[in-house]
Amino acid sequence: MTRKPIIAGNWKMNNTKAQASELINELKPLVKDAECDVVICVPYTVIETAAKLTAGTNIKVGAENIAWADKGAFTGEVSAAMLKEVGAEYVVIGHSERRQYFGETDETVNKRTVQALKEGFKPIVCVGETLDERESGETEKVCKRQTEGAFAGISAADAEKTVVAYEPVWAIGTGKTATSAQAQETISYIRGVLKSLYGAETAEKIRIQYGGSMNPANAKELMAQPDIDGGLIGGASLKAPDFSAVVHFDK
Ligand code: PEP
């Protein structure tokens, strides 16, 4: 089974419109011949700018969250229709920063994922354990709970359109990367959870990324692991040469 690798940037709360334009214009020629899928997930306020600047290129644009409801009294939320209108195609759901600081739960992650799929987006669903959870031997338990929670009620056909990002919380923005063996072990475990939900054929089609201080120096080794199909890249996605080097991990 060959899964096309997918490298996605997660800009988090960085870049004004002017900064976004500069970064994207620098990035475009650097990644134009990429062999993997290239995505940038950006703040709501720069999605439209990013979509216009990348139109006709191989860079796809994503949001960093999506409302689970169509419209109405949900102050601060942004709906699927709004995201579609400005050109988002992908959406990050359940990032650990959303879980940690904004009360995102397995249930809300599931509701957002269901809505994203219903509205034709490609969700990038994040799962991963904290340092405490890893140290107390709960990595698999947490990843199982989060994966089963996120995919509750989702059909196999929709699951295939979803990307999972395994992001150990202790490796995000810390400069501490999981070793390629640690990442492979947990991602292979997550694929096993997907297999028990959907069967082997579907589980083998679902792309699973690693995320957590992935950068030009460690991307090649991580990407060489049999179950790692891509990366969700935070810090290194804010510098065009670094993001490009991760995109060209095989060079
Ligand atoms: C992330 O934001 O999803 C992430 C993995 O961040 P970083 O690459 O900076 O660790």
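Draft legend 1. Just the pairing of strand β6 (residues 163–166), in detail. Of the two faces of β6, the one carrying Val163 and Ala165 and the one carrying Val164 and Tyr166 are both buried. By the bridge criterion, four bridges tie β6 to strand β7 (residues 207–211) in an arrangement that is parallel. Bridge pairing links Tyr166 to Tyr210 in β7.

Draft legend 2. Focus on the layout of surface pockets. As a volume, the largest pocket reaches approximately 490 Å³. Lining the largest pocket we find 16 residues, and of these Lys12, Met13, Glu64, Arg98 and Phe102 sit closest to its centre. A per-element tally of the lining of the largest pocket places helix α4 (residues 96–101) first, with three residues. When the residues that make up the lining of the largest pocket are grouped by side-chain class, the tally is seven nonpolar, four polar and five charged. Looking at the lining of the second largest pocket, the elements with two or more residues in it are α4 and α7 (139–150). Of all the elements, α4 adds the most residues to the lining of the second largest pocket, at five residues. Here the lining of the second largest pocket is built from residues that sort into three nonpolar, five polar and four charged.

Draft legend 3. Quick peek at the nonpolar core. Membership of the largest hydrophobic core comes to 62 residues, with the highest contact counts inside it found for Ile7, Ile40, Leu194 and Tyr210. Setting aside anything within four residues of it in sequence, one finds Ile40 in contact with Gly9, Trp11, Ile24, Leu27, Ala50, Ile59, Lys60, Val61, Gly62 and Phe243. The next biggest cluster of nonpolar side chains, apart from the first, holds eleven residues, and it includes Ala8, Ile124, Val163 and Ala165.

Conventions used here
Note on numbering: residues in each chain are counted from 1, in written sequence order. Totals for whole chains, interfaces and linings use every residue, but because this is a predicted model, local features are given only for residues with pLDDT of at least 70 and side-chain atom pairs only at 80 or more, for both listing and counting. Side-chain measures here rest on the full set of heavy atoms in the structure, leaving out hydrogens and waters. Think of it in three bands: residues with accessible area under 20% of the maximum for their type are buried, residues over 50% are exposed, and the middle band is partly exposed, with areas taken using a 1.4 Å probe on protein chains only. Helix and strand assignments come from DSSP, with helices taken as H or I runs of at least 4 residues and strands as E runs of at least 2, each series counted from the N terminus. Strands pair, by our definition, only if DSSP identifies at least two bridges between them. Both cavities and pockets are sets of points on a 1 Å grid over the protein atoms alone; in a cavity a 1.4 Å probe fits but cannot get out, in a pocket the set is open with protein on both sides within 12 Å along at least five of seven lines, and lining residues sit with an atom within 4 Å of a point. Grid points are joined across faces, edges and corners, and a volume is the space filled by probe spheres set on the points. Residues are grouped as follows: nonpolar covers Ala, Val, Leu, Ile, Met, Phe, Trp, Tyr, Cys and Pro; charged covers Asp, Glu, Lys and Arg; every other residue, Gly included, is treated as polar. We define a nonpolar core as any set of buried Ala, Val, Leu, Ile, Met, Phe, Trp, Tyr and Cys residues linked to one another through side-chain atoms lying within 4.5 Å. Here, two residues are considered to be in contact whenever any of their heavy atoms come within 4.5 Å of each other.

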